[in-house]
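Summary of structural features
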Amino acid sequence: MKRVLFFCALILTCIILLSGCTILPVSEFSSNAEDRPGFTVYFIDVGQAESALVVCDGQTMLIDGGNAADSNLIYAFLKNHDISYLDYIVATHAHEDHVGGLAGALNYAKAGVALSPVAEYDSRAFNSFVKYLDEQGVSITVPEAGDSFKLGGADVLVAGPTRRHDELNNTSIVLKISYGETSFLFTGDAEREAEQDILEAGYDLFATVLQVGHHGSDTSTTYPFLREIMPRYAVISCGEGNSYGHPHENTLSRLRDADVILYRTDMQGTITCVSSGTDVSFSVERNADARTNPLELDEPDVSYIGNINSMKFHRVTCSGLPQEKNRVLFDSRDEAIDGGYEPCGTCKP
Ligand SMILES: [Zn+2]
Ligand SMILES: [Zn+2]
């Protein structure tokens, strides 16, 4: 009997190896997140860097791990959330602020599949990632645009990179995760050239939540890309007072024009987003009322801002203010109500 089982296992292994699929299925599932149904994304505050943990129906995916100096933080985060198995670990690209802290993750958790746009890159941070994977007997899978896989009940699509780039940011793996009617787009540090490639490839980019590319740099989140995504919410991962000036005002202005409600790790710490499959809800570590995307207002007396399209009115501090051409300004709440405007559900004026 034992011998029969052995041969069955051998034949199965051969079939898997010969089938040549770029992303191998996770064979050994031992996640202790197993008993947690539903969909949660943690945008982990790693300062001027990026890291997001996705948990869906007990399966887990870590997308980037911040800088090498964040290794302890990532280790502790996984430990505190009792996640000792990562079905997928993703290095969006080889820059240290994305790949550096993945060593900390692998120091705590065992990984199933490791995705990276390159299998080798000569830097201390990347070599450390490879070393920890080697110790677990996991080799890097380089995915191709168009690949897809399941994460619990969610569908994950690799939307980029669609071609080779020399500029590392443009090699970023771009992932769209769909869970029920909600969807999430993770773009790493992809810049306008990579955004253009993805647009040309014609993927359905519509997403409820956008992780804003390259920490809110002006070189990402171009208007054509944003128009295809049409996000309701966006998250920027960056460090307070960072030397790059991220997020850039031009990016913030484009997000305001698109009426996007913005969350920022530099102001609000780790941001948690839960999807019910039909709706998403956010919670933040601190400063829930932070003005994440403020606009300097000329009129000091303005108390409320109405949106002439939605006929909703907002506090001036609301994160979901309409673009300027659609604004009407009110001195008082009564003035807005008398004008036929209804209070916004987010800032509850
Ligand atoms: Zn980066
Ligand atoms: Zn980068």
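Refer to the structure above for everything that follows.
The text that follows walks through the structure, step by step, so that each part is easy to find. Once a new chain begins, its residue numbering starts again from 1 and follows that chain's sequence as written. Following the order in which they are written, the chains are lettered starting with A and the ligands numbered starting with 1. The predicted nature of this model means local features are confined to residues of pLDDT at least 70 and side-chain atom pairs, given and counted, to a pLDDT of 80 or more, with totals for whole chains, interfaces and linings taken over all residues. Excluding hydrogens and water, the side-chain values take into account all heavy atoms of the structure.

Notes on the pattern of salt bridges
To be explicit about the condition: Between Lys or Arg on one side and Asp or Glu on the other, a salt bridge is scored when a side-chain nitrogen of the former is within 4 Å of a carboxyl oxygen of the latter. The helix count covers DSSP runs of H or I at least four residues long, the strand count covers runs of E at least two residues long, and both are numbered beginning at the N terminus.
In total, this model carries seven salt bridges according to the counting rule given. Residue Asp45 is joined to Arg286 by a salt bridge in which the shortest nitrogen-to-oxygen separation is 3.9 Å. With Asp45 in the loop between β1 (39-43) and β2 (52-56) and Arg286 in the loop between β15 (280-284) and β16 (304-307), this residue pair connects regions lying 241 residues apart in the sequence. Between Arg254 and Asp218 there is a salt bridge, with its nearest N and O atoms 3.1 Å apart. Here Arg254, found in helix α8 (residues 249-257), pairs with Asp218, found in the loop between β11 (209-211) and α7 (223-229); they are 36 residues apart in sequence, far enough to count as distant.

Re the environment of Asn72
Counted only if it meets this: Each residue is assigned to one of three classes by its accessible area relative to the maximum for its type, calculated with a 1.4 Å probe on protein chains only: buried under 20%, partly exposed between the two thresholds, exposed over 50%.
On the secondary structure map, Asn72 appears in helix α2 (residues 71-80). Given the relative accessible area of 63%, Asn72 is considered exposed. Sequence separation between Asn72 and Asn107 is 35 residues, and the spatial gap between their C-alpha atoms is 9.4 Å.

A few points about the sheet that holds strand β19 (residues 342-343)
The strands making up a sheet associate through hydrogen bonds between their backbones, and the pairing can be parallel or antiparallel. For clarity, the cut-off: At least two DSSP bridges between two strands are required for those strands to pair.
One open sheet holds the four strands; their spatial order is β18-β16-β17-β19, and the pairing between them is mixed. On the outer flanks of this sheet lie β18 (327-330) and β19, each paired with one strand and no other. Pairing of β16 with β18, which is carried by four bridges, proceeds in the antiparallel orientation. Its bridge partner being in β18, Ile305 is matched across the sheet by Leu329.

Description of the coordination of the zinc ion (ligand 2)
So the rule is basically this: Think of the donor list as every N, O and S atom within 2.8 Å of the metal, or within 3.2 Å for Na, K and Ca; water never makes the list, so a site can look incomplete.
Surrounding the zinc ion (ligand 2) are the protein donor atoms His93 (NE2), His95 (ND1), Asn169 (OD1) and Asp189 (OD), which sit 2.1 to 2.2 Å from the metal. For the pair the zinc ion (ligand 2) and the zinc ion (ligand 1), the metal-to-metal distance amounts to 3.6 Å, and Asp189 bridges them. You can see His93 sitting in the loop between β4 (85-90) and α3 (96-99) and its partner Asn169 sitting in the loop between β8 (154-160) and β9 (174-179), a full 76 residues away along the chain.

Some details on the sheet that holds β4
Taken together, eight strands build an open sheet; the order of strands is β6-β5-β4-β3-β2-β1-β14-β15 and the sheet is mixed. The open sheet is flanked by β6 (140-141) and β15, the only strands paired with a single partner. As paired elements, β1 and β2 share five bridges and run antiparallel to each other. Following the sheet pairing, Thr40 is matched in β2 by Val55.

A look at the side chain of Asn170
In plain terms, the rule: We define a polar contact as two N or O atoms separated by no more than 3.5 Å, with the added condition that, inside protein, one atom must be a possible hydrogen donor and the other a possible acceptor, whereas residues neighbouring each other in sequence contribute only through side-chain atom pairs. The contact criterion used is simple: two residues touch if any of their non-hydrogen atoms lie within 4.5 Å.
You can see Asn170 is positioned in the loop between β8 and β9. At 2.9 Å, the side chain of Asn170 and the backbone nitrogen of Glu191 are in polar contact. A distance of 3.1 Å separates the side chain of Asn170 from the side chain of Glu193, its partner in a polar contact. Those residues within four positions of Asn170 in sequence are excluded, and the remaining contacts are Pro161, His165, Ala190, Glu191, Glu193 and Ala194.

A closer look at the coordination of the zinc ion (ligand 1)
Expected angles at a metal are 109.5 degrees for tetrahedral coordination by four donors and either 90 or 180 degrees for octahedral coordination by six donors. The condition is simple: Here a site with four donors is tetrahedral if all angles are between 85 and 135 degrees, and a site with four or six donors is square planar or octahedral if opposite donors are over 155 degrees apart and the other angles are between 65 and 115; anything else gets the irregular label.
Within the protein, the atoms that donate to the zinc ion (ligand 1) are Asp97 (OD), His98 (NE2), Asp189 (OD) and His215 (NE2), at distances of 2.1 Å. Of note is the zinc ion (ligand 1), whose four donor atoms meet at the metal with angles of 86 to 146° in an arrangement that counts as irregular. Read in sequence order, the donor residues coordinating the zinc ion (ligand 1) give the pattern D-H-x90-D-x25-H.

A few points about the nonpolar core
Defined as follows: Among the buried residues, those of types Ala, Val, Leu, Ile, Met, Phe, Trp, Tyr and Cys that are joined through side-chain atoms within 4.5 Å form a nonpolar core.
Met61 and Ile177 are the most contacted members of the largest nonpolar core, which has 32 residues in total. Excluding anything up to four places from it in sequence, Ile177 contacts Phe39, Val54, Met61, Ile63, Ala154, Asp155, Val156, Thr182, Ser183, Phe184 and Phe186. In terms of nonpolar packing, the next biggest core, distinct from the first, is built from 31 residues, Ala49, Ile74, Ile89 and Ile140 among them.

A word on helix α6 (residues 192-201)
Heads up, the rule is: Note that the arc is defined by the directions from the helix axis to the C-beta atoms.
Taken as a whole, α6 has its buried residues at Ala194, Glu195, Asp197 and Ile198. Viewed end-on, α6 has its buried residues packed into an arc of 160°, placing them on one side of the element. For α6, the secondary structure elements touched by its buried residues are β8, β9 and α7. Once α6 finishes, Gly202 follows within two positions and takes phi at roughly 80°, a positive value.

Regarding the packing of aromatic side chains
Aromatic ring pairs are defined here through the distance separating the ring centres and the angle between the ring planes. Rules: Pairing of aromatic side chains here covers Phe, Tyr and the six-membered ring of Trp, requires ring centres within 6.5 Å, and sorts the geometry by plane angle: under 30 degrees stacked, over 60 edge-to-face, intermediate tilted.
Summed over the entire model, instances satisfying the criterion amount to 12 aromatic pairs. Judged by centre distance (5.0 Å) and plane angle (45°), the ring pair of Tyr233 and Phe282 falls under tilted. With Tyr233 in strand β12 (residues 233-236) and Phe282 in strand β15, this pair connects stretches of sequence that are 49 residues apart. Summarising the burial analysis for this pair, Tyr233 and Phe282 share the class buried. With 4.2 Å between their ring centres and 10° between their planes, Tyr263 and Phe282 make a pair best called stacked. Within this pair, whereas Tyr263 is found in strand β13 (residues 261-264), its partner Phe282 is found in strand β15, the two being separated by 19 residues in sequence.

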